[in-house]
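Per-entry structural report
This is what each chain is made of:
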Amino acid sequence: PVKRHSIKVCCGVGEEIIPSQNETIVTETKLKEWFAAFNLDFDFNASIKVVINGRQVGAILGTSGQRSKTLQDIYDTKIFVTQAGDFLPGSRQRLFQVNGKLGRCMMVLSDTIADIAEPVRNDMGEEKQNLQSLSVIFPMDVVSKLFGEAGSILKNLIHVTGANVVAQNSDHMMPMQDFRRFNIVGTLEQILAAYAGLLALCVTDKKYGEFSEQLPTIHTDSSW
């Protein structure tokens, strides 16, 4: 990982303090290679939406919002976090949203994912080494592009990136819910690659089987 910032991070009063990892997981050069493999425009105007817990807000915003302001300046993006108490339907979780050029939005996520991804635990409650989990959301009007017959599209994305991608069970969705959650499990690099692939499926005409057999410069060995 490449060190990017040295900003002191803390949460608001009454929230747990989580120090920032202050590093980017994927360089811009590598991200552009992935975008090329997915036929995804780095400068496409877009919004990315990630599910976070309240205790992670401070790690994103930083003291007096300084970290988010710095990231916005570096990548020319807009960062939003829903207010305390403004939870996603049926949960106690909040939304972290980045607007701007898609490649730049993903660089913001690359710089913050170490602070917001959740550890993966086994049945004994022990953390699995190097494996993390990140939940993202997509509006219902694009979700059909992410599946394919018998889940063939997701299976292909799993094969290409090495991450596991699981869609929210429709039985667990709230009435009138206008989005669907996708949980991505893997190394932080694999999570970013899989999310880029999901975004590509939403905004391009990619179909099952059209992704390259091996995504450039990514290790696909996983034990999830």
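Residues numbered from 1 in each chain as written. Predicted model: local features only at pLDDT ≥ 70, side-chain atom pairs only at ≥ 80, totals over all residues. Heavy atoms only, no water.

Before going further, it helps to examine helix 1 (residues 28-37). Looking only at helix 1, the buried set comprises L31, W34, F35 and A37. Down the axis, helix 1 shows its buried residues gathered within 160° of arc, on one side only. Those residues of helix 1 that are exposed and angled more than 90 degrees off the buried face are T29 and A36. Tucked inside the fold, the buried residues of helix 1 contact helix 4 (102-116) and helix 7 (188-203). Directly beyond the C-terminal end of helix 1, a positive phi value near 55° is found at N39. (Buried < 20%, exposed > 50% of the residue type's maximum accessible area, 1.4 Å probe, protein only. Helix = DSSP H or I, 4+ residues; strand = E, 2+ residues; numbered from the N terminus. Arc of directions from axis to C-beta. Contact = heavy atoms within 4.5 Å.)

Attention now moves to the packing of aromatic side chains. Inspection of the entire model under this criterion finds 3 aromatic pairs. Ring geometry for F138 and F182: centres 5.7 Å apart, planes at 85°, overall edge-to-face. Placement of the pair is F138 in strand 7 (residues 127-139) and F182 in strand 9 (residues 179-186), with a sequence separation of 44 residues. Residue F138 is classed as buried on the basis of its relative accessible area of 4%. Arranged with centres 6.0 Å apart and planes meeting at 70°, the rings of F138 and Y195 form a pair that is edge-to-face. (Phe/Tyr/Trp six-rings, centres within 6.5 Å; stacked < 30°, edge-to-face > 60°.)

A few words on the nonpolar core. Core analysis: the largest hydrophobic core is formed by 56 residues, its most contacted members being F96, M106, L109, F138 and Y195. Looking at this core element by element, the count peaks at 12 residues for helix 7. The residues touching F138, leaving out its near neighbours within four places in the chain, are V143, L146, F179, R180, F182, Y195, L198, L199 and C202. Among the nonpolar cores identified, the runner-up in size contains 5 residues, and V51, L88, L95 and I137 belong to it. (Core = buried A, V, L, I, M, F, W, Y, C linked by side-chain atoms within 4.5 Å.)

All right, on to the confidence of the model for the protein then. Close inspection of predicted coordinates is inappropriate for parts of the model with low pLDDT. Of the residues in the protein, 77% reach a pLDDT of 70 or more, and the chain-wide mean stands at 78. Highest mean pLDDT in the protein belongs to helix 3 (residues 66-75) (95); lowest belongs to strand 1 (residues 2-3) (38). Within the model, pLDDT remains below 50 along residues 1-21, and this stretch shows 55 contacts once partners closer than five positions in the same chain are excluded. (pLDDT = per-residue confidence, 0-100.)

In a regular helix each residue adds 1.5 Å, so 16 residues correspond to 22 Å; helix 7 covers 23 Å between its end C-alpha atoms and thus fits that length. Among the 16 residues that make up helix 7, 15 are buried, leaving the element largely enclosed by the rest of the structure. (Expected span 1.5 Å × (residues − 1).)

As paired elements, strand 3 (residues 45-52) and strand 7 share 2 bridges and run antiparallel to each other. By the bridge assignment for strand 7, V51 is matched with S135. Where strand 6 (residues 118-121) and strand 7 come together, 3 bridges link them in antiparallel fashion. Paired with E118 across the strands is S133, a residue of strand 7. (Pairing = 2+ DSSP bridges.)

Take the packing of helix 1 against helix 4 next. Helix 4 packs onto helix 1 with a crossing angle of 130° between their chain directions and a minimal axis gap of 11 Å. The angle between the axes of helix 1 and helix 4 places the two elements in the oblique class. Two packed elements cross with a definite hand, and for helix 1 against helix 4 that hand is right-handed. For the pair formed by helix 1 and helix 4, the contact residues are E28, L31 and F35 on the first element and L102, G103, R104, M106 and M107 on the second. Here the contact of helix 1 with helix 4 is composed, by residue class, of 5 nonpolar, 1 polar and 2 charged. (Axes fitted to C-alpha atoms, helices over the stretch in contact; angles between N-to-C directions. Parallel < 35°, antiparallel > 145°, perpendicular 65-115°, else oblique. Left-handed = near helix turned anticlockwise from the far one by under 90°. Nonpolar A, V, L, I, M, F, W, Y, C, P; charged D, E, K, R; others polar.)

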